[in-house]
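One-letter residues, chain by chain:
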Amino acid sequence: MRFQTPSQTPATWAAICIFLAALVHLALGFSIEFSVDEAHYALYAQHLAWSYFDHPPLVGWIQWPLVAITSSEGIIRLIPELLWIISCYLVYQVTLEVHRLIQGRNSSYLTSALPTASNCGLFAVLAVIAAPLPHVLAIGLLPDSLLSPLSLSLMVMALRWLKQTRFSTTDWVIIGALLGLIGLSKYTGIFAALALLLVFLSSPKKPWFFKVGFWFALFIALASISPVLYWNWVNDWISFKYQIAHGGGGTWVWRRVAAFLGIQIACFGPLLFIGGIVFLKDCLHGTKTSLLALLSFFFIPFAIFAALSGGGSLPHWTTPAWFCLAPFAGIGLAKAWLMRQRNLIRILLGTQILLCLIAFSFVLAGGIPSTSIKPNPIADLYGWKIAGQKAAQLAQSHKADGIAVQNWTLGSRAAWYASPTPVFVLDQRHDQFDLWFGELPPGSNALLINWSGMSFANPIGGKSGFERCEPLESIEIARFGQILSKFDFSLCRNWQNTALPE
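Residues numbered from 1 in each chain as written. Predicted model: local features only at pLDDT ≥ 70, side-chain atom pairs only at ≥ 80, totals over all residues. Heavy atoms only, no water.

Looking at the sheet that holds strand E5 (residues 482–495)
(1) Moving on: Sheet architecture is open: five strands sit in the order E2-E1-E3-E5-E4, paired in mixed fashion. Of all strands in the sheet, those bounded by a partner on one side alone are strand E2 (423–425) and strand E4 (466–479). Strand-to-strand twist in this sheet, taken as the mean axis angle between neighbours without regard to direction, amounts to 25 degrees.
(2) Moving on: Bridge count for strand E1 (residues 403–405) against strand E3 (residues 446–451) is two bridges, and the pairing is parallel. Bridge pairing in E3 places Ile 403 opposite Leu 447.
(3) Moving on: Along the sheet, helix H23 (residues 408–417) makes contact with E1, E2 and E3, crossing E2 at roughly 175 degrees. (Pairing = 2+ DSSP bridges. Helix = DSSP H or I, 4+ residues; strand = E, 2+ residues; numbered from the N terminus. Axes fitted to C-alpha atoms, helices over the stretch in contact; angles between N-to-C directions. Contact = heavy atoms within 4.5 Å.)

Topic: the packing of helix H1 (residues 10–29) against helix H9 (residues 132–139)
In a pair of packed helices, the angle between the axes and the distance between the axes together describe the arrangement.
(1) Moving on: Interhelical geometry of H1 versus H9 gives an angle of 55 degrees and a closest axis separation of 10 Å. Classed by the angle they form, the pair H1 and H9 counts as oblique. Crossing handedness for the pair H1 and H9: right-handed. Each of His 25, Leu 28 and Gly 29 in H1 lies in contact with H9, whose residues at this interface are His 135, Ala 138 and Ile 139.
(2) Moving on: In terms of residue class, the contact of H1 with H9 is built from three nonpolar, three polar and no charged. (Parallel < 35°, antiparallel > 145°, perpendicular 65-115°, else oblique. Left-handed = near helix turned anticlockwise from the far one by under 90°. Nonpolar A, V, L, I, M, F, W, Y, C, P; charged D, E, K, R; others polar.)

Comments concerning the packing of aromatic side chains
(1) Moving on: Summed over all chains, the structure comprises 38 aromatic pairs.
(2) Moving on: Note on Trp 161 and Phe 167: the rings are 5.3 Å apart at their centroids and 85 degrees apart in plane angle, and the pair reads as edge-to-face. Neither residue differs from the other here; Trp 161 and Phe 167 are each classed as buried.
(3) Moving on: These aromatic residues form a ring-pair network of at least three members: Trp 161, Phe 167, Trp 172, Phe 200, Trp 208, Phe 209, Phe 210, Phe 214 and Trp 215. (Phe/Tyr/Trp six-rings, centres within 6.5 Å; stacked < 30°, edge-to-face > 60°. Buried < 20%, exposed > 50% of the residue type's maximum accessible area, 1.4 Å probe, protein only.)

Description of the environment of Val 173
(1) Moving on: Relative to the elements of secondary structure, Val 173 occurs in helix H11 (residues 169–185).
(2) Moving on: Using a relative accessible area of 31% as the deciding quantity, one classes Val 173 as partly exposed.
(3) Moving on: The spatial distance from the C-alpha of Val 173 to the C-alpha of Leu 197 is 16 Å, given a sequence separation of 24 residues.
(4) Moving on: Every residue in contact with Val 173, bar those within four places of it in the chain, is listed here: Phe 216 and Ile 220.

Some points on helix H12 (residues 190–201)
(1) Moving on: When the terminal C-alpha atoms of H12 are compared, their 16 Å separation across twelve residues agrees well with the 16 Å that a helix rising 1.5 Å per residue should span.
(2) Moving on: Buried residues along H12 sit against helix H10 (143–163), H11, helix H18 (289–294) and helix H19 (296–308). (Expected span 1.5 Å × (residues − 1).)

A few points about the packing of H9 against helix H16 (residues 254–268)
(1) Moving on: At their nearest, the axes of H9 and H16 sit 4 Å apart, and the two run at 65 degrees to each other. Comparing their axes, H16 and H9 come out roughly perpendicular. Contacts from Pro 132, Leu 133 and Pro 134 in H9 reach Ala 266, Cys 267 and Phe 268 in H16.
(2) Moving on: For the contact of H9 with H16, the per-class residue count stands at six nonpolar, no polar and no charged.

Here's the deal with H11
(1) Moving on: Here H11 contains 17 residues, and its C-alpha end-to-end distance of 24 Å stays within 8% of the 24 Å for a straight helix at 1.5 Å per residue.
(2) Moving on: Within H11 the residues assigned to the buried category are Asp 171, Trp 172, Ile 175, Gly 176, Leu 178, Gly 180, Ile 182, Leu 184 and Ser 185.
(3) Moving on: Check the buried side of H11 and you find it contacts helix H3 (58–61), H10, H12, helix H13 (212–224) and helix H14 (226–234).

A closer look at the state of the cysteines
Here a disulfide denotes a covalent bond joining the sulfur atom of one cysteine to the sulfur atom of another.
(1) Moving on: Taken as a whole and judged by the stated rule, the model has one disulfide.
(2) Moving on: For Cys 469, the disulfide goes to Cys 492, at an S-S distance of 2.0 Å. The chirality of the disulfide connecting Cys 469 with Cys 492 is right-handed, given an S-S dihedral of about 110 degrees. Here the residue Cys 469 occupies a position in strand E4, and Cys 492 occupies one in strand E5, the gap between them amounting to 23 residues.
(3) Moving on: Under the relative-accessibility criterion, Cys 492 is labelled buried at 0%.
(4) Moving on: No disulfide involves Cys 88; its nearest neighbouring cysteine sulfur is the one of Cys 17, lying 10 Å away.
(5) Moving on: Look at Cys 88 and you get buried, because its relative accessible area is 1%.
(6) Moving on: Here Cys 324 is not cross-linked by a disulfide; its sulfur's nearest cysteine counterpart is in Cys 88, at 13 Å. (Disulfide = S-S within 2.5 Å.)

Observations regarding the side chain of Thr 95
(1) Moving on: Position of Thr 95 among the secondary structure elements: in helix H6 (residues 78–105).
(2) Moving on: A relative accessible area of 0% places Thr 95 in the buried class.

Quick notes on the side chain of Gln 406
(1) Moving on: Along the chain, Gln 406 turns up in the loop between E1 and H23.
(2) Moving on: Taking relative accessible area as the criterion, Gln 406 reaches 10% and is therefore assigned buried.
(3) Moving on: Of the polar contacts made by the side chain of Gln 406, one reaches the backbone oxygen of Ala 457; its length is 3.3 Å. (Polar contact = N/O pair within 3.5 Å; in protein donor to acceptor, adjacent residues only side chain to side chain.)

As for the nonpolar core
(1) Moving on: If you look at the biggest cluster of nonpolar residues, it comprises 85 residues, and the most contacted ones within it are Trp 84, Trp 172, Leu 294 and Phe 297.
(2) Moving on: Looking at which element gives the most residues to this core, the answer is helix H20 (residues 319–338), with 13 residues.
(3) Moving on: Leave out the neighbours within four places in its chain, and Leu 294 touches Leu 101, Met 155, Ala 158, Leu 159, Leu 162, Val 199 and Phe 328.
(4) Moving on: Core analysis: the second largest hydrophobic core is formed by 71 residues, Tyr 52, Leu 137, Cys 356 and Val 363 among them. (Core = buried A, V, L, I, M, F, W, Y, C linked by side-chain atoms within 4.5 Å.)

What to know about the confidence of the model for the protein chain
(1) Moving on: In this model, the protein chain carries an average pLDDT of 89, and 91% of its residues clear a pLDDT of 70 or more.
(2) Moving on: When the elements of the protein chain are averaged for pLDDT, helix H7 (residues 107–113) gives the smallest value, 49, and H3 the largest, 97.
(3) Moving on: Considering only residues more than four positions removed or in separate chains, one finds that residues 107–111, a stretch of pLDDT under 50, has six contacts. (pLDDT = per-residue confidence, 0-100.)

So, in structure tokens, the structure goes:
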């Protein structure tokens, strides 16, 4: 397997691979409807605010220009696609810089031990492209889609700090801006800030704490996140309280930690894991603590999420951390390639890419073919546009006060596709919908949506729901001849203002 030819350098191969993956993303992005989180964050852009109940505002702000002019899922998804491409580019560039930094300090060892920096960069990009879960964030915008390129950009500045004798005012301004954008993206961005601090502390002979530039950068960062702080202050700090409770999860058990580690390898692929292990084992001879501190961009968030996983966690939370590991994994994989582990790398790379393509095919097909409605996670991506438009039409024709659902995950798609009809979530959970639409007033009538993928009994009875619900219509969602799900619409009258148990 030869990566470098007179006409096709490793950088060219990396660009080709990124381009092909982007084409697949765009094909999917224009073919499927919004997922739960995508619709929720698109609603952020419809309801601009200084911040929001569950996340800082950048995920909504960045979508606002497109959401203001179109409701096309594919066009709005150009944003996460661009962020993914930038992340891949930064992975390649960070790999080159890490390689050069190691080579400068261990030139006699690396001259014979590692391939060229460009080959290492290619392996890093291939490991990212072969990782299944990042493709999800390339199609659907999540706060982690923003945090990945921003964390890598902060790594670039950390490398500049390690290489340069002094920081310019411009460098400090860039760091302050990056920290501010990270704070506007997701609260867990604090882990990237801690990693940068560790890089600073690893260079005791290079002063920074008493530099004017450092405090100017800190001022820029704090000024950038002031909208989040102000919004939480006037809203009784509800976002911080929610995230602390959400991050803590439920009862802590060890088996969840083991499951977390297994799920992480499955979601991000063994190539990144193996490359990271090889780097730690064979590529750190004689390196200084300051270079090892760069690895904290991976280890700090990963270790914290692993510890919290005993109470419950989501796999995509670690995505920015894996992107930050990719440059080191690329160097490790390049070393393993030289150590004649080529067949293993080929098999893993081919298997991971094949699994990604199979997953993409299932998404386009609507899941595994079946003859009846069964639990099907892919069904969640089809039918909500038709259902939302139908619900808005029925609500208007029957003069209902809004649309009602019984879980917030149903509310995000209903609110997006039925916009501007208000959507009320009938549960005890205080959430963003209460801030957007308020509570359903007593005595109101509502158009109730019941979806077969998350079905509930009609909320009827005494002071704990509506007085009665009348079935109106039902629609079945089919794709390539198979029924994916079913939507039932009912007109429910005379709501009693007592929240239902979740």
